[in-house]
Amino acid sequence: MNTEAAIHAMTHAFNAAWEYQLLTFPNPAVGAVCMSDNGTVISVGAHKRSGGPHAEVYALRDAYTLLSGDTSIGGCDDSHRIHDYLRTHHNGIFHLISMAVTLEPCSHSGKTPSCALLIRDLGIKRVYISAKDPNPAAAGGAGILNDAGVECIFGLLEEEGQKLLEPFLQWQHTPFVFFKWAQRLDGTVDNGVISSAMSREHVHALRERCDLIVVGGNTVRCDRPTLDARLVGGKVPDVLIYSHADTFDRTIPLFHVPDRNVFIDSSFEKLRGYSLVMIEGGGAMMEATAEFCDWYLCYIAPKIGKGSQTLGAVTEEFEVLHAKITDNIILWMKKK
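This write-up is about the structure you can find in this document. (Residues numbered from 1 in each chain as written. Predicted model: local features only at pLDDT ≥ 70, side-chain atom pairs only at ≥ 80, totals over all residues. Heavy atoms only, no water.)

This paragraph deals with the packing of helix α2 (residues 55-68) against helix α3 (residues 79-89). For the pair α2 and α3, interaxial distance at closest approach is 11 Å and the crossing angle is 40°. The pairing of α2 with α3 is recorded here as oblique in orientation. Viewed along their axes, α2 and α3 form a crossing whose handedness is left-handed. Residue-level contacts link V57, L60, R61 and Y64 of α2 to I82, H83, Y85, L86 and H89 of α3. Per-class residue counts for the contact of α2 with α3 are 6 nonpolar, 2 polar and 1 charged. (Axes fitted to C-alpha atoms, helices over the stretch in contact; angles between N-to-C directions. Helix = DSSP H or I, 4+ residues; strand = E, 2+ residues; numbered from the N terminus. Parallel < 35°, antiparallel > 145°, perpendicular 65-115°, else oblique. Left-handed = near helix turned anticlockwise from the far one by under 90°. Contact = heavy atoms within 4.5 Å. Nonpolar A, V, L, I, M, F, W, Y, C, P; charged D, E, K, R; others polar.)

Structural data, given as structure tokens:
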């Protein structure tokens, strides 16, 4: 298989992984692709949630369904059942199949079985790997595959693989903090709903995975938010209200969400006790939290008008880590 075809497949794997960036907390976001011997992409998988099937398993499940015509596990999300079914029924259909994976297939069996052992047992021909697994407990999958005669090729789009892993590597030791905002094409960030329903669901899914949300006092007073994950039926994170004065109407909904702590503080010391933190706000909050933010997430709605406030005097240059265009533009970024 030529390098161009492998890069094309790996790009699909990265796009799939970015769909679930941070949503897999505390696991890393991972994407995987199965492709034919001539480089045709057969299936694409992504790790969607902690404890669920890994990206390789979804890709192998869908490739099996397509190649065999057997739909028995087509909608299955049970890792153990998929592993067992594929081992029993594959009938050698994977012997000309290669894979592209953003992260080295795991060697260990924990909540889910080992992906490396499954790939080995199915007779996959070759595996392209962007980044080595930095987790000592899961690393070594390539060794298992090499010992079984599966060709493993490391370093394909390696820089992109390392960028994808940044949050996972950081929250092992210190909080990973990202700043989220929504704006219109004219840069305005105020006056009503800005982003699409799909984007708002994405925000709620992120909130569900975070253990702390940080928001400014003025936002709480003016918008009277709930700051929950109701659109995805998820758990609620704690809230830190950054304010120099505790002058809040306690009928504001965020104060009445069960099973959450609400802190009011004029510092950001509370961040130290959490692992995944989302900051929501405008220009003032962006300036106040600049030293704490690792990444930035912006939703740009194809709208002009209705707003009057922008991010103001904020001056910053960003590197775009990933961009997605649907009914909104979604940009993952970090400072240059």
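Text resumes after the structure shown.
Mapped onto the fold, A301 is located in strand β11 (residues 295-301). With a relative accessible area of 0%, A301 lands in the buried category. Put simply, A301 and K132 are 169 residues apart on the chain and 37 Å apart in space, counted from C-alpha to C-alpha. With residues up to four places along the chain from it excluded, the contact list for A301 reads Q183, R184, L185, I194, S195 and N328. (Buried < 20%, exposed > 50% of the residue type's maximum accessible area, 1.4 Å probe, protein only.)

Applying the stated criterion to the full structure yields 18 salt bridges. With a closest N to O distance of 3.2 Å, E280 and K180 form a salt bridge. One end of the pair, E280, is in strand β10 (residues 276-280); the other, K180, is in strand β6 (residues 176-184), and 100 residues separate them in sequence. Assigned by exposure class, E280 and K180 land together as buried. Across the pair R207 and E280 runs a salt bridge, and its minimum N-O distance is 3.0 Å. (Salt bridge = Lys/Arg side-chain N within 4 Å of Asp/Glu carboxyl O.)

With respect to the secondary-structure elements, R126 resides in strand β4 (residues 126-131). On the basis of relative accessible area, R126 is assigned to the buried category, the value being 10%. Other than its neighbours up to four places away in sequence, R126 contacts M1, I97, S98, M99, V150, E151 and I153.

Of all 5 residues that make up strand β8 (residues 238-242), 4 are buried, and the element is covered over most of its length. Pairing geometry for strand β7 (residues 212-216) and β8, over 5 bridges, is parallel. Bridge pairing in β8 places V214 opposite L240. Following the chain from β7 across helix α8 (residues 217-223) to the adjacent parallel β8, one finds a crossover that is right-handed. The sheet contact formed by β8 and strand β9 (residues 262-265) spans 4 bridges and is parallel. Across the sheet, Y242 pairs through a bridge with D265, a residue of β9. (Pairing = 2+ DSSP bridges. Right-handed = clockwise from strand over helix to strand, strands pointing away.)

Everything listed here is a matter of geometry and, on its own, says nothing about what the molecule does.
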